[in-house]
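# Overview (structure and organization)
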Amino acid sequence: MLRLEQLTKVYKTGDKALTDINLSVEAGQVVGLIGPSGAGKSTLIRCVNRLVEPSAGKIWLGDQELAGLSKSALRRQRRRIGMIFQEYALVERLTVMENVLSGRLGYVPFWRSLTRRYPADDIENAFRFLDRVGLADHADKRADALSGGQRQRVGIARALAQEPDLLLIDEPTASLDPKTSRQIMRLIIELCNERGLPAIINIHDVPLAQAFVNRIIGLNQGRVVFDGAPVDLSDEVLTRIYGEEDWVALRGKPGQENEDVEAPALDAHRLEAAQ
Amino acid sequence: MMTQPTTALTAWKRNTRRHEWLVWLAWLVTISAFIVTWQIMNQNTLWFFLADAPEQIRDLGGRMFPPSWSYIHYLWGPLWDTLNIATLGTLIGIVIAVPVAFLAARNTTPSRRLVRPLALLVIVASRSINSLIWALLLVAILGPGLLAGVIAIALRSIGFVGKLMYEAIEEIDTAQVEAIEATGASLMQRLDYGIVPQILPTFFGVSVFRWDINIRESTILGLVGAGGIGLQLQAALNTLAWPRVTMIFVVILGTVVVSEWVSSQVRNAIR
């Protein structure tokens with residue numbers, strides 16, 4: 001579905017963020033992208049929808065090449081790529097509904113988006129997506145009135161509203177507590193499975209990634225240094241990705257959610273707020 | 001275990017020697033400048049005039065009170081003119097200032113080399129000239145009357161609103177704009193969804209604040225013939241009609257208090 005060929009990004013400062021990235025993601029496959037800070041994870045997913053302009057290489061989304069597209073053709077292709085952000089990146093002063101509908105901006109003419117007169121189908125779908133992420137009652141609240149987990153759900157609904165063929169997800173849980181993180185990850189994985197959506201998830205939390213994704217790509221200094229199943233992440237592989245560290249001492253077994261022991265007490269009030 | 005250093009080797013200072021000298025020098029210059037200017041200021045003061053100042057105040061005060069309450073009936077018209085000058089001037093100023101602000105902000109300007117400096121020039125030019133001076137020029141060009149006042153207020157407002165707005169545009173959260181861009185939104189849609197909601201509170205706050213300032217400024221525009229209550233003030237001053245002057249002061253004070261109240265209400269309402 002998505003195929004990157006020799007993708008390279010060199011910033012104006014001369015920093016080589018990505019070097020000759022070759023990878024493909026099949027329909028329905030959820031890929032966890034891990035690596036140390038500055039490895040190029042964010043640059044990689046931003047190159048796919050060209051929020052960051054790649055310096056060289058090709059990006060194939062289905063039969064469409066993206067790296068060489070003109071501005072207006074790129075806009076049409078961006079509609080096919082949903083993006084979910086670390087700090088949610090909602091328009092804070094707009095309502096939840098307006099945020100979800102903003103996922104349709106690539107499809108509607110300017111005057112419709114300006115007057116907020118979206119087609120009936122778009123509105124119906126938006127309510128459906130809000131219901132799916134568990135926020136049916138919050139449509140008219142302002143985005144900045146929601147909790148972190150709720151905001152990320154709005155972000156997910158906005159991405160779904162695009163009816164995308166691919167999801168790019170940048171650190172979806174970095175601003176969330178352990179329990180909400182798991183709920184959000186679970187929701188994302190469910191949605192990808194329901195729709196056969198491929199996704200690339202940047203993620204810092206290795207155990208969390210191992211628990212939820214079915215393929216992991218390790219990035220170090222702009223190069224792919226690991227590509228395989230979560231169970232194959234051995235200490236030796238982690239060292240190759242992150243560098244030397246005592247991996248045994250702090251690591252839980254894959255799939256075992258070791259923070260959950262303390263999480264319920266800490267997050268009880270947050271959960272109540274989310275209900 | 002040694003907890004306290006016995007020598008001064010570990011002494012710590014926030015500022016370097018050089019920095020301390022500079023601070024000291026700055027103080028020296030400031031204080032000497034104050035002394036010198038104080039002397040210059042007092043060179044031409046005629047102290048025997050100053051000596052009877054309290055008496056003069058009592059005398060003038062006696063002539064100014066009580067205010068001529070019946071004169072208020074002649075003030076409603078000019079007051080209405082003044083409010084119109086301020087309001088119309090502010091509206092025209094805003095309409096011009098908003099596009100200028102978008103052209104001046106680093107993140108929205110179409111060209112940083114050409115358009116941005118031009119927009120900044122417009123803002124600086126407008127800000128550097130007081131509305132009273134604008135009014136003087138305009139009365140010479142357009143003749144006396146309300147129109148000169150309205151345009152003078154508008155010209156001065158462009159710089160004020162434009163500057164505060166473009167600074168607000170430059171300080172927006174770029175993540176929100178990026179997220180809107182990622183959906184495939186067009187340029188205008190990015191403005192509408194990514195930028196406008198973020199600067200709307202500033203827009204209303206600044207506009208209403210400028211309106212409030214403009215009401216105060218438009219009360220004196222009449223002094224140079226640009227219409228409004230200032231015309232009455234000038235006439236009263238010229239004829240030494242002190243009770244009328246007091247009455248005009250009372251009316252201006254009331255208007256300014258009300259406009260300040262409105263402006264603070266609006267600014268509290270938008271968050």
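Residues numbered from 1 in each chain as written. Chains lettered and ligands numbered in written order. Predicted model: local features only at pLDDT ≥ 70, side-chain atom pairs only at ≥ 80, totals over all residues. Heavy atoms only, no water.

### Comments concerning the overall build of chain A
Looking only at helices and strands, chain A features eleven helices and ten strands. Relative to the 2.2 N^0.38 estimate, which gives 19 Å for 275 residues, the radius of gyration of chain A is 19 Å and therefore close to what a compact globule would have. Principal-axis analysis of the C-alpha atoms gives chain A an extent of 55 × 50 × 35 Å. Buried residues in chain A amount to 53% of all 275 residues. Restricting to contacts in chain A with at least 6 residues of sequence separation, those with at least 24 account for 69%. On chain A, roughly 12,200 Å² of surface is accessible, and the fraction owed to carbon and sulfur atoms is 49%. When the 36 basic and 38 acidic side-chain charges of chain A are each reduced to a single mean position, those positions are 8 Å apart. (Helix = DSSP H or I, 4+ residues; strand = E, 2+ residues; numbered from the N terminus. Rg over C-alpha atoms; globule rule 2.2 N^0.38 Å. Buried < 20%, exposed > 50% of the residue type's maximum accessible area, 1.4 Å probe, protein only. Contact = heavy atoms within 4.5 Å. Areas by Shrake-Rupley, 256 points an atom, 1.4 Å probe, with all protein chains shown as cover. Lys, Arg positive; Asp, Glu negative; His and termini not counted. Charge placed at Lys NZ, Arg CZ, Asp CG, Glu CD.)

### Concerning the nonpolar core
Residue and element names in this part refer to chain A. The biggest cluster of nonpolar side chains holds 57 residues, and the ones touching the most others in it are Ile-34, Val-100, Leu-130, Ile-156, Ile-201 and Leu-233. The element that contributes the greatest number of residues to this core is helix 7 (residues 178-195), accounting for seven residues. Within the second largest apolar cluster, 33 residues are counted, among which are Leu-2, Leu-7, Ile-81 and Ile-217. (Core = buried A, V, L, I, M, F, W, Y, C linked by side-chain atoms within 4.5 Å.)

### Topic: the sheet that holds strand 2 (residues 16-25) of chain A
Residue and element names in this part refer to chain A. With antiparallel pairing, the four strands of this open sheet are ordered in space as 2-1-4-5. Only two strands of the sheet have a single partner each, and these edge strands are strand 2 and strand 5 (64-65). Across five bridges, the pairing between strand 1 (residues 2-10) and strand 4 (residues 56-61) is antiparallel. Bridge pairing links Leu-2 to Leu-61 in strand 4. Strand contacts of helix 1 (residues 41-48): strand 1, strand 2 and strand 4, with the helix running at about 120° to strand 1, the strand carrying the most contacts. (Pairing = 2+ DSSP bridges. Axes fitted to C-alpha atoms, helices over the stretch in contact; angles between N-to-C directions.)

### Brief notes about the confidence of the model for chain B
The predicted model of chain B averages 88 in pLDDT, with 96% of residues at 70 or higher. Scored as a complex, the prediction yields pTM 0.79 and ipTM 0.85. (pLDDT = per-residue confidence, 0-100.)

### Let's talk about the sheet that holds strand 7 (residues 166-170) of chain A
Residue and element names in this part refer to chain A. Strand order in the open sheet formed by six strands is 6-7-8-3-9-10, and the pairing between neighbours is mixed. A strand with exactly one partner marks an edge of an open sheet, and here the two such strands are strand 6 (81-84) and strand 10 (223-228). For this sheet the average axis-to-axis angle between neighbouring strands, irrespective of direction, equals 20°. When strand 3 (residues 30-34) meets strand 8 (residues 199-202), the two strands line up parallel, connected through four bridges. Across the sheet, Leu-33 pairs through a bridge with Asn-202, a residue of strand 8. Running over the sheet, helix 6 (residues 148-161) touches strand 6 and strand 7 and is turned about 175° from strand 6.

### Points about the interface of chain A and chain B
The interface is formed by 30 residues belonging to chain A together with 18 residues belonging to chain B. It is Arg-93, Leu-105 and Phe-110 of chain A that lose the most area in chain A upon contact with chain B, and together they represent 27% of the buried surface on that side. Linking chain A with chain B are three salt bridges. Between Arg-78 of chain A and Glu-181 of chain B there is a salt bridge, with the nearest N and O atoms lying 3.5 Å from each other. The tally of links from chain A across to chain B stands at twelve residue pairs in polar contact (both at pLDDT 80 or more). Looking at the side of chain A that touches chain B, the elements with two or more residues in it are helix 2 (71-78), strand 6 and helix 4 (110-114) of chain A. (Buried area = accessible area lost by both parts, 1.4 Å probe. Salt bridge = Lys/Arg side-chain N within 4 Å of Asp/Glu carboxyl O. Polar contact = N/O pair within 3.5 Å; in protein donor to acceptor, adjacent residues only side chain to side chain.)

### Quick look at helix 5 (residues 120-132) of chain A
For the α-helix, the turn length of 3.6 residues means that residues three or four positions removed from each other point alike. Residues and elements named next belong to chain A. Across its 13 residues, helix 5 extends 18 Å between first and last C-alpha, which sits within 8% of the 18 Å expected from 1.5 Å per residue. Where helix 5 is concerned, the buried positions are Asp-122, Ala-126, Phe-129 and Leu-130. One side of helix 5 carries all its buried residues, which in axial view fall inside an arc of 100°. The outward face of helix 5, more than 90 degrees from its buried face, is lined by the exposed residues Ala-120, Asp-121, Glu-124 and Asp-131. In this structure, the buried residues of helix 5 make contact with helix 3 (96-101), helix 6 and helix 7. Where helix 5 terminates, the next one or two residues include Gly-134, which has phi positive at roughly 85°. (Expected span 1.5 Å × (residues − 1). Arc of directions from axis to C-beta.)

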